[in-house]
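# Notes for the structure review
Here is what each chain is made of, one letter per residue.
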Amino acid sequence: MFCFGLAWLIFPIENRFYQKIVKNRTYYFPQIDFHNLRPLDPIRGIIQLIFLMFVAGSKEDAAKRLSHSTYASRFFLFRWINHLFKRINRGTRMIAERVSKKLASEGKEKVSDHKPQHQKPSLFKKIFVGFLLAIGFVLYVLCITQPFSLEEQVIFLLILGVIALTLFQAQTRFTLLMLMLIVISVIVSSRYVWWRYSETLNPNSYTSVIFTWLLIIAETYAFIVMLLGYFQVCWVLDRKPASLPKDKERWPSVDIFIPTYNEPLDVVKPTVYAALTVDWPKEKLNVYILDDGSRKEFKDFACEVGAGYIEREEHKHAKAGNINHAMGITKGDFIAIFDCDHVPVKTFLQKTMGWFLKDEKIALVQTPHHFYSQDPFEKNLHLKENVPNENSLFHDFIQKGNDTWNATMFCGSCAIMRRKALEEVGGIAVETVTEDAHTSLKLNRRGWSSAFLSTPLSAGLSTETLAAHIGQRIRWARGMVQIFRLDNPLFGKGLTIPQRLCFLNAMIHFLHGLPRIIFLIAPLPFLFANIYVIYASAIAIFVYLIPHMVHSTMTTYMIHRGYRFPFISALYETILSWYIFVPTLVALIAPHKGKFNVTAKGGVIDKEYLDWAVARPYFYLLLLNLAGFFIGIYRMIGAGAYEVLMLLINLGWIIYNLIILFAAMAVTVESVQKRKFPRVSFTASVHLQVGDELIPAVMSAFSQKDCVVDLKNASDLSRISLEEPVKLIFGSKKKPSTTFDCTVTAAFENGVVELLVAQPTRTKEMEYVECTFGTPDIWIQRQAKVKGYGMFDGFFALLHMARMGAEAFAHFSNPQAGWFLKASVWTFKWVISFIPRVPSLRRENKNSPFEEHHPLYLPKTISSVHSA
């Protein structure tokens, strides 16, 4: 009765907003089953209601409830703060737009077509910049080392927090605002690190010293990587294609290399066909299959389609040796390199070659790596197509920052290199297993420039399984650490300071294995043995640690928005941490050990299963954290106020670790993949010819063997019968370009038709690739679908992933241990049931990053009529 009376006083029940909540209670309170209420559901409801009022309510709902006079008077302070932030937000946006337009009008944000990039600064400019940096460094040191009491630290953080929140509300990529956010984040994090070294080291015992130093070293590593990451992308260069001369006689000759070793011919075919149909003078274009497997099937195929075939007797240095061998027997002015599964569009050379003619010092033009099949994270977590994939951050964004500092990295494929420059450095580097990055480092040391075009001009196959993905990343990690040891960018001649820092960040990034494991077990010493890994009071930890985490998370989100799904970076690192720790450690000690391994592609998965061989490390870490959680709960019984605060901090840390680890378990559940040839979403106008009739349609998806079309008029479906032969016509009705014989394999009530495309000859196969994979804007269409999700979307999606992992954990576990695992999963689900949720994730799934149906069986356009 007391709670009901309090609710009646505080919440105006007569308001339509609250009536709407009662009516749509399952929408607003998704964690409560109103047909089977539990004892603690009132607490869940109050937490969710507060969340709806102040955080997650829609603008329409907010306007209604704020217009209510009694409600407005009760929450006047909240309204005033909200109004203030809106005014500041509007002003910040106005300033950002005006300055951006001014800079754009002066041409300062655009790449000049007349002046070569990366000009050396004058001596005066160097001295002036050095003077400013020295002053800034002195102020920075004073700012982070100034001793504050806890009260003063709180005031200082409140001031920085208000400024950062104001900038964050602007939600703009304007560079100066981003720089201000970065500066605030660096100051807050630097004060935390300084506090850790100066006041929190635990000297009570040898064990305390060990655990304290392990954590502080891991935090220092994370801090250094954060600083280098901020620097790398603080001002990105979005370079656009440069025009070519109108006189094609001035266009240089190009050799296209397609190295292959053990991949099946079906994987290599589209790449070869697309390379042969690239728009470039035929007398100046040569396509070569570099077959390190010496297979007769490939040699015959090359002869049939008119491509060159190169093999070698000695197979030394893997891919790098293969390319270097081909360089010795070819003579094109430029060399384009594609992995055998990366399919270029027709305009690839026309979009990339212009920069080589604009600037004779450019040795490398790299384009993004895009993938038309789902990677293990997208597939196993059932993510939508508009969610940025794991590769997107580096290939679509960080490389732009590298280009700003003339440090674009060669990624082994989808790139063009100047033969003269490549010969000058001795060809592709063979000293390490990441020959691509090492080659770009060597080119920069010799004074050559590099460029990155952000336009996606090719796409390839992702790894099918998590095990294959981990194996690929192990090679990358080992190779980058090998470069760090053998050709450290911090030393030696030829590199600018920004180039050294960009290459350094790329190399030490792969040392995250041990730090991530330390973060996953850091709360356990206190819970198990009362060992303080941070020797400070609970209030001090809260005042220093929480702002550091909030500011770094907020700034990283703003920088990476649209290129990395919020909160998922920790999941990526957790998946790899256990497996790259030992290889990177070995590479640090013995850099010459390790060999090149080829990533398998083009497989299928017939049955869903949990890969226990991969999941075993996460399973052990889960058990340790679950044990720590239960011990912490037990210790809270009868504990004093101070100990309770410390226990709550460590339990919060444990809960976060459990969320990450359960989400990792979800990734290890390999989803079914019955399609050998993945479907690619694509929009193109086509026609279906049935007899003498032409039916207008739109192609919505295709693979190497079939396609999906949407009839513009669903009533035309009556003219089509299953297993009936039809003709698929690309181009307009008046000017049809290419025609294919097809068979109808499926038809749906909403006008969606699946076709099996007949390709009886090599010529027809090549024409089909040209009309689909080779279409100039195909990957731009795909990139345009990716959107930037909000922080709340990311956090609740992470909870959903953890729930998926918890259910898989219990479902696939050993029956003998089932009772313990199910009890642990129930406890975990019980804890997260108190966390508020965004209602929009339950309504039409507009903001949800997850597919409602499995994305591999049917394209999205017909998933809603799967029952048909």
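Everything quoted here is computed from the prediction, not taken from an experiment.

Looking now at the overall build of the protein. Along its length, the protein carries 32 helices and 17 strands. Across the 868 residues that make up the protein, the buried fraction comes to 55%. Summed over all atoms, the accessible surface of the protein reaches about 40,200 Å², with 62% contributed by carbon and sulfur.

Once that is clear, we can look at the packing of aromatic side chains. Evaluated as defined, the whole model comprises 29 aromatic pairs. Both rings, one in Phe377 and one in Tyr572, keep their centres 4.6 Å apart while their planes meet at 80°; by these two values the pair is edge-to-face. In this pair, Phe377 is assigned in helix H17 (residues 376-380) and Tyr572 in helix H26 (residues 569-589), connecting sequence segments 195 residues apart. The class of Phe377 is buried, set by a relative accessible area of 2%.

A word on the pairing of strand E14 (residues 706-711). Most of E14 is tucked away: five of the six residues are buried. As paired elements, strand E13 (residues 693-702) and E14 share five bridges and run antiparallel to each other. The partner of Val698 across the bridge, within E14, is Asp710. Alignment of E14 against strand E17 (residues 752-757), held across five bridges, turns out to be antiparallel. The residue bridging Asp710 from the neighbouring strand is Val752, located in E17.

So, on to a nonpolar patch on the surface. A cluster of nonpolar residues, Phe124, Phe128, Val129, Phe131, Leu132, Leu133, Ile135, Val138, Leu139 and Leu142, forms a patch on the protein surface that exposes about 1,000 Å² of accessible area. With respect to the helices, strands and loops of the structure, Leu142 is situated in helix H8 (residues 123-145).

Next up on the list: the packing of H26 against helix H28 (residues 641-667). Axis separation between H26 and H28 bottoms out at 9 Å; the angle between their running directions is 65°. Overall, the two elements H26 and H28 adopt an arrangement that is roughly perpendicular. Crossing of H26 over H28 shows right-handed handedness. Seen from H26, the contacting residues are Ala570, Leu571, Thr574 and Ile575; seen from H28, they are Tyr656, Ile660, Leu661, Ala663, Ala664 and Val667.

Moving on: the packing of helix H27 (residues 612-636) against H28. Remark: H27 packs on H28, axes separated minimally by 9 Å, with the N-to-C direction vectors making an angle of 160°. Of the possible angle classes, the one that applies to H27 and H28 is roughly antiparallel. The crossing of H27 and H28 is left-handed. Across the contact of H27 with H28, the residue classes tally to 21 nonpolar, four polar and two charged.

Take the environment of Trp213 next. Relative to the helices and strands, Trp213 is located in helix H11 (residues 206-232). A relative accessible area of 36% places Trp213 in the partly exposed class. Contacts of Trp213, omitting those with residues within four sequence positions, involve Tyr197 and Leu201.

Two side chains carrying opposite charge are able to pair once their charged atoms lie near each other. Applying the stated criterion across every chain, the model contains 34 salt bridges. We note a salt bridge from Asp266 to Lys676, for which the minimum N-O separation is 3.5 Å. A residue pair is termed long-range when its members are at least 10 positions apart, and Asp266 in helix H12 (residues 265-276) and Lys676 in the loop between strand E11 (669-670) and strand E12 (680-690) qualify at 410 residues. As a salt-bridge pair, Glu304 and Arg762 come within 2.8 Å of each other at their nearest N and O atoms. Taken together, the positions of Glu304 in helix H13 (residues 296-305) and Arg762 in helix H29 (residues 762-771) put the pair 458 residues apart, joining distant regions of the chain. Of the residues examined, Arg762 reaches a relative accessible area of 26% and is grouped as partly exposed. Sharing partners across several salt bridges, the network here consists of Asp266, Lys269, Glu304, Lys676, Arg762 and Glu765.

Here is what the cut-offs are and how they apply
Residues numbered from 1 in each chain as written. Predicted model: local features only at pLDDT ≥ 70, side-chain atom pairs only at ≥ 80, totals over all residues. Heavy atoms only, no water. Helix = DSSP H or I, 4+ residues; strand = E, 2+ residues; numbered from the N terminus. Buried < 20%, exposed > 50% of the residue type's maximum accessible area, 1.4 Å probe, protein only. Areas by Shrake-Rupley, 256 points an atom, 1.4 Å probe, with all protein chains shown as cover. Phe/Tyr/Trp six-rings, centres within 6.5 Å; stacked < 30°, edge-to-face > 60°. Pairing = 2+ DSSP bridges. Patch = residues over 30% accessible without salt bridge, like charges linked within 9 Å, V, L, I, M, F, W, Y side chains within 5 Å. Salt bridge = Lys/Arg side-chain N within 4 Å of Asp/Glu carboxyl O. Axes fitted to C-alpha atoms, helices over the stretch in contact; angles between N-to-C directions. Parallel < 35°, antiparallel > 145°, perpendicular 65-115°, else oblique. Left-handed = near helix turned anticlockwise from the far one by under 90°. Contact = heavy atoms within 4.5 Å. Nonpolar A, V, L, I, M, F, W, Y, C, P; charged D, E, K, R; others polar.

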